[in-house]
Amino acid sequence: MEATGRISTEQPLKAMVPWKERISYGLSDTACNLAFQVISTYLMFFYTDVYGLSAAAVGTLFLVARVIDAFDGPIIGIFIDRTNTRWGKSRPFFLWFAIPFGLMCVLTFTTPGFDDAGKLAWAYITYILVGILYSCVNLPITSILPSLTNNPQERTVLGTIRQFGGTLGQIIVTVFTLPIVAALGKGNDQKGFFLTILIFSIVAVVLLLNTFFNTKERIENVQKVVRVKDSVKAIKRNWPWVIMILMNFIYWMAMTMKNQTTIYFFKYNLGREDLVPMIMALAFGSLLTLLMTPAVAGRLGKRNTMVGGLILAIIGQAVMGIGAYSLSVPIIIVGVVINAFGTGFISGLLSVMLADTVDYGEWKSGVRAQGLLTSASSFGAKFGMGIGGAMTAGILAAGGYQANKVQSTSALHAIEFNFIWIPIVGFVIAAIALMFYKADKQEKMYLVELAERNAKLKEEQ
């Protein structure tokens, strides 16, 4: 059977995906990161040091907006489950929402000349809307994975390619954003950020449309339209799903706090803002472990591979702490590299293990609710990013941070606390949670049972 055709559930472990489709799938996350990574990495800095909002106001904004935004994931997931088009359930969302998402990214970095209240209102409106539209194009990347293939190893390959593409987009943003802002703005950061996000957003829209045209949903859902009350059944006794929700929340909370304060740490604690692009470029280290992820996960199991990644990330953060104490840039760089190696294993498996919970939930409940279950990634990630952003801003405000001024000792400690020590706590909690994840050992067994069950249902229909 050709890889581009529909795959029968009688062949539970044979569904392979051609390379053109693999690459197009991976580029979807490149697209999302090209646009949204600018927001997650630089928006706090943009709000405080460019647009002129206070750190306390930004902290409240991040918390309120992200808590509201976190709940759009399950709603969009339900829409995916209830969608039934000739393109499938998830693919149409790339077509419908690519352009609105790109446009809202640009508006988020637009700086109308309002008074302080107007600026804050504009920030709330654009930040909330861009988060909702991000879910509309990002959730389908995860929800489509169980429909691209039912082969566990192939899913790991696809998840790795996706994360490789996403990390590539992240690196492009983190390394080149500030130089592009400087080059295009010529001293005007408002203009520079606007033109930079405009370029990234145009490329993102093109890549998302490419994903729509070059992917296929080949694993059919026996239920064409999944009712909400049935979708909820797929959560019952689905402990791997619960653990992955917690994992997403903790991981993204820790990463948000770390990433958002990178520029603050090097600007104020070390007085080396010029190093930020180079430090961000060291995330290339995660690409090396991403490439190793399918082989390592095939040998050690997905859970054990992710736990190993968390251990490496913790070691890297601790080394960075030693460097911060001694103000040694070389030691900090070593810690950044070790941390990047660890996060490569983690990020490469997050979406894969969440996709696996769709099969697990169907095995337990008889309902394949891929939209609702995979929307948990958005809920957990956004809620974690919201709490992380609010905590970051709150800690900075409590430490007495003031933009573009010499910082007090308490402010410098607040920046370091966000950048180094809180992520360590988050990674430790995530590793402990994963020790209760047992689905790896049952995977082949329940996939075969599902194939037999669904084949029987098809015959009866």
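Bear in mind the structure is a predicted one, so any value in this text is a computation, not a measurement.

Cut-offs applied
- Note that residues are indexed from 1 along each chain, following the sequence as it is written.
- Per-residue local features are limited, in this predicted model, to residues with pLDDT of at least 70; the limit for side-chain atom pairs, both in listing and counting, is 80 or more; totals at the level of whole chains, interfaces and linings are taken over all residues.
- To get the side-chain values, all heavy atoms of the structure are used, and hydrogens and water are removed first.
- Numbering of helices and strands runs from the N terminus; a helix is a DSSP stretch of H or I covering at least four residues, while a strand is a stretch of E covering at least two.
- The reference for a compact globule is 2.2 Å times residues^0.38; the radius of gyration itself is calculated from the C-alpha atoms.
- Whether a residue is buried, partly exposed or exposed follows from its accessible area with a 1.4 Å probe, protein chains only, as a fraction of its type maximum: under 20%, in between, or over 50%, in that order.
- Contacts between residues were defined by any pair of non-hydrogen atoms, one from each residue, lying within 4.5 Å.
- Methods summary: accessible areas were calculated by the Shrake-Rupley approach with a probe of 1.4 Å, and residue burial reflects only the protein chains presented.
- Only four residue types enter the charge count: Lys and Arg as positive, Asp and Glu as negative, with His and the chain ends excluded.
- Every charge is mapped to an atom, namely NZ of Lys, CZ of Arg, CG of Asp or CD of Glu.
- Nonpolar core, defined: a set of buried Ala, Val, Leu, Ile, Met, Phe, Trp, Tyr and Cys residues in which side-chain atoms within 4.5 Å join the residues together.
- A domain assignment, automatic or from a database, supplies the domain bounds used here.
- Predictor confidence is given residue by residue as pLDDT, running from a minimum of 0 to a maximum of 100.
- Only one rule defines a salt bridge in this text: a Lys or Arg side-chain nitrogen within 4 Å of an Asp or Glu carboxyl oxygen.
- Put plainly, a pocket is an open set of points on a 1 Å grid over the protein atoms alone with protein on both sides within 12 Å along at least five of seven lines, a cavity is a set where a 1.4 Å probe fits but cannot get out, and a lining residue has an atom within 4 Å of a point.
- Grid points are joined across faces, edges and corners, and a volume is the space filled by probe spheres set on the points.
- As a working rule, the residues Ala, Val, Leu, Ile, Met, Phe, Trp, Tyr, Cys and Pro are called nonpolar, Asp, Glu, Lys and Arg charged, and the rest polar, with Gly in that last group.

Brief notes about the overall build of the protein
Right, on to step 1. A count of helices and strands for the protein gives 18 helices and zero strands.
Right, on to step 2. Scaling as 2.2 N^0.38, a compact globule of 461 residues should have a C-alpha radius of gyration of about 23 Å, and the protein matches this with 22 Å.
Right, on to step 3. Viewed in the frame of its principal axes, the protein has a C-alpha envelope of about 75 × 45 × 35 Å.
Right, on to step 4. Counting the 461 residues in the protein, one finds 61% classified as buried.
Right, on to step 5. Pairs at least 24 residues apart make up 84% of the contacts formed inside the protein by residues separated by at least 6 positions.
Right, on to step 6. About 17,500 Å² of surface is accessible on the protein, with carbon and sulfur atoms providing 68% of the total.
Right, on to step 7. Taking the average place of the 38 positive charges on the side chains of the protein and the average place of its 27 negative ones, the gap between the two points comes to 2 Å.

Some points on the nonpolar core
The nonpolar side chains of soluble globular proteins are, as a tendency, buried together.
Right, on to step 1. Y47, F101, Y127, Y264, F265 and F266 are the most contacted members of the largest nonpolar core, which has 84 residues in total.
Right, on to step 2. It is helix α1 (residues 19-50) that contributes the most residues to this core, 15 residues altogether.
Right, on to step 3. For this core, the two domains that each supply at least three residues are domain 1 (19-219) and domain 2 (226-450).
Right, on to step 4. The next biggest cluster of nonpolar side chains, apart from the first, holds 36 residues, and it includes M306, M353, W363 and L434.

A closer look at the confidence of the model for the protein
Right, on to step 1. Residues at a pLDDT of 70 or more form 91% of the protein, whose mean pLDDT is 84.
Right, on to step 2. Within the model, pLDDT remains below 50 along residues 1-13, and this stretch shows 31 contacts once partners closer than five positions in the same chain are excluded.

A few points about the pattern of salt bridges
Right, on to step 1. With the rule as written, the count across this model stands at eight salt bridges.
Right, on to step 2. In this structure, E154 engages R22 in a salt bridge whose closest nitrogen and oxygen atoms are separated by 2.8 Å. On the criterion of sequence distance, the pair formed by E154 in helix α7 (residues 152-185) and R22 in helix α1 is long-range, its members being 132 residues apart. Each member of the pair E154 and R22 is classed as buried.
Right, on to step 3. The network of salt bridges with shared partners includes R155, K302, D356 and D359.

Brief notes about empty space enclosed by the protein
Right, on to step 1. Scanning the entire structure with this criterion turns up three cavities of 30 Å³ or more.
Right, on to step 2. Looking at the lining of the largest cavity, the elements with two or more residues in it are α1, α5 (116-143), α7, α10 (239-260), α12 (276-281), α15 (329-365) and α16 (370-398).
Right, on to step 3. Of all the elements, α15 adds the most residues to the lining of the largest cavity, at nine residues.
Right, on to step 4. Residues of the lining of the largest cavity, tallied by class, amount to 17 nonpolar, 23 polar and four charged.
Right, on to step 5. Counting residues domain by domain, the lining of the largest cavity receives three or more from each of domain 1 (19-219) and domain 2 (226-450).

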